[in-house]
Amino acid sequence: MAIGAINLHMFQTACGGASFKRRLSSLNPSASSAAAAVRPITSTESARKQLANLDRVLQKESTPALSLPQGPQKPASEPDFGFGTSSSSSKKRGRGLLQRLNLGRIWPEIKAAAEEMSPRRLGRLRRLLSKNPEYSPRNGLGSRWRQYHGCDDWGGLLDPLDENLRREMIRYGELVQAAYQAFNSNPAMPTEEAPMPHHVALPDKSYKVTKSLYATSAVGLPKWVDDVAPDLGWLTQRSSWVGYVAVCDDKREIQRMGRRDVVIALRGTATCLEWAENFRTKLAPISSTEDPKSKVGSGFLSLFKTPGAHVPSLAESVVEEVQRLMELYKGETLSITITGHSLGAALALLVADELTTCVAELPSLAVFSFGGPRVGNSAFSDRIRSKNVKVLRIVNDQDVITRVPGMFLSDDLERKLKETVDGMLENGQMPWDSYSHAGTELRLDTRKSPYLKPNADVACCHDLEAYLHLVDGFMASNCPFRANAKRSLVKLLNEQRTNVKKLYTSKANALTLNVERGQIRPPNMASCLPSPS
């Protein structure tokens, strides 16, 4: 690119009056000196050649020496970038400028950004940003359904992740999302009479809701709170709608799954009193007579066992409804799937324990938990395992909620610490709440998503939609994000836009997507493609 006389004079003055001579640039050695000085770049081919030369220079500069030569050596000549210098001070300034640019570090990022802006990636992003979901065909589970329901603790299905299991996990996660949406659309509870059945819009039309579930806090707020702040409404109520029971009622889906499935879906924390219960982390016996050593968080136990003014406790409701459905579909092959996120994942374990304790001849039971905290001590984990309850914990490595209550330690490290002091303390008990996880773990990583920022905040790392996004892209622990992932990015943009990489938020704006008002209006595009998997 030609430099004007005035600009050139200013540049020479800023550099201490150094003279600059036209030389052949190492980035474009084939060009003549005159052409390099005055001819502008007019084609993508010449630009590509310049970048290729720059890449070779950077690679040559960054290649480490394999051996050190003996004796005094002449310093290697540095690349000439077309700026002739007549003084050592000018050379030092040039080297300082190149070092500050640090092109060797940013060059891979430039190439990655160029690849992301390719038409192929842009077309794929159009499909992911469409409101029309891109469906993957559901394969028949048939005689293998018990494996997908955890009879072998999902051995051989998690790493690499089986396609059928991925679809089942996402389906159960969407049923939990339906619980969130139903609660947010109508969170209020009547104070003088029993509530009417809650309307739930299920994403899977093969299921129908049969029972509404409620959780009640034992904390209770003084009456003056309602008097002072009556507009808080459902924030101060002791009982809240927390989930539902649904049963598969579609013959084709029953045939595909190999059984009739009963789902218990539980949402996460939403009210002030539920948050208060979350912070009650003292371990309490789940049964003072049957098994006093098995302990769980007192806050979780309170929400599970406490009845409301006009509703039974969560424990009573699930036992009654499961017994009713087992009698209604007696003689059929049944399965019970309990799924929840955050607080709902903790309550899901308590529901599983209650059902295995109170219901005779219980069918196959499995728990799919997303972002669940620790629920009880190691004795409670052993209790769950001894009852043959299969638990699949889907965990984001950056989700801090999965490491509480208790210390911010992994289970392995906490177990080693306990073994170290075993015998030094009474009964080998640690001086802190010795919480422990139960079940099989599928560990995800936010940093593997090409769409989310690697430093996404705590809320994003715990968000259920982010979890389903990561599940959809997970192939194996040693593999990158799945290139043919099908889950739409619409919800992710709406709920976690500040945690989505700017490259994609700007693309969304370029595609005339209205993300500011919470509604995505995609341009006209073809219908969703079938899954290649």
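Just so you know, these numbers come straight off a predicted model, no measurement behind them.

So, the pairing of strand β3 (residues 260-266)
With respect to burial, β3 is a largely interior element, seven of its seven residues being buried. Residues Arg 260, Val 262, Ile 264 and Leu 266 point to one face of β3 and Asp 261, Val 263 and Ala 265 to the other, with burial holding for every one of them.

Describing the packing of aromatic side chains
Per the counting criterion, the structure on display carries four aromatic pairs. Judged by centre distance (5.0 Å) and plane angle (35°), the rings of Tyr 172 and Phe 368 are tilted. In this pair, Tyr 172 is assigned in helix α8 (residues 163-185) and Phe 368 in strand β7 (residues 364-370), connecting sequence segments 196 residues apart. Each member of the pair, Tyr 172 together with Phe 368, is buried. On the numbers, 6.4 Å between centres and 15° between planes, the contact of Trp 241 with Tyr 244 is stacked. Neither residue differs from the other here; Trp 241 and Tyr 244 are each classed as buried. Among the aromatic residues, those joined into a cluster by ring pairs are Trp 154, Tyr 172 and Phe 368. Its guanidinium or amino end placed over the ring of Tyr 172, Arg 171 lies 4.9 Å from that ring's centre, counting from NZ or CZ. Over the face of the ring belonging to Phe 183 we find Arg 267, whose NZ or CZ atom lies 4.0 Å from the ring centre.

A word on the pattern of salt bridges
Should their charged atoms come close, side chains of opposite charge can pair. A full pass over the atoms with the stated rule returns 27 salt bridges. The partner of Glu 253 in a salt bridge is Arg 256, and the shortest N-O contact between them spans 2.8 Å. Note that Glu 253 and Arg 256 are positioned in helix α10 (residues 251-257) at a spacing of three residues, about one turn of the helix. Among the residues examined, Glu 253 registers a relative accessible area of 8% and is labelled buried. Judged by its relative accessible area of 12%, Arg 256 falls in the buried class. Arg 447 serves as the salt-bridge partner of Asp 397, at 3.8 Å between the closest nitrogen and oxygen. Here Asp 397 is found in the loop between β9 (390-396) and α16 (411-421), whereas its partner Arg 447 is found in the loop between β11 (440-444) and α17 (458-462), with 50 residues between them in sequence. A network of salt bridges, in which partner residues are shared, links Arg 393, Asp 397, Glu 441, Arg 443, Asp 445 and Arg 447.

Rules behind the numbers
- Residues numbered from 1 in each chain as written.
- Predicted model: local features only at pLDDT ≥ 70, side-chain atom pairs only at ≥ 80, totals over all residues.
- Heavy atoms only, no water.
- Buried < 20%, exposed > 50% of the residue type's maximum accessible area, 1.4 Å probe, protein only.
- Helix = DSSP H or I, 4+ residues; strand = E, 2+ residues; numbered from the N terminus.
- Phe/Tyr/Trp six-rings, centres within 6.5 Å; stacked < 30°, edge-to-face > 60°.
- Lys NZ or Arg CZ within 6 Å of the ring centre and 35° of its normal.
- Salt bridge = Lys/Arg side-chain N within 4 Å of Asp/Glu carboxyl O.

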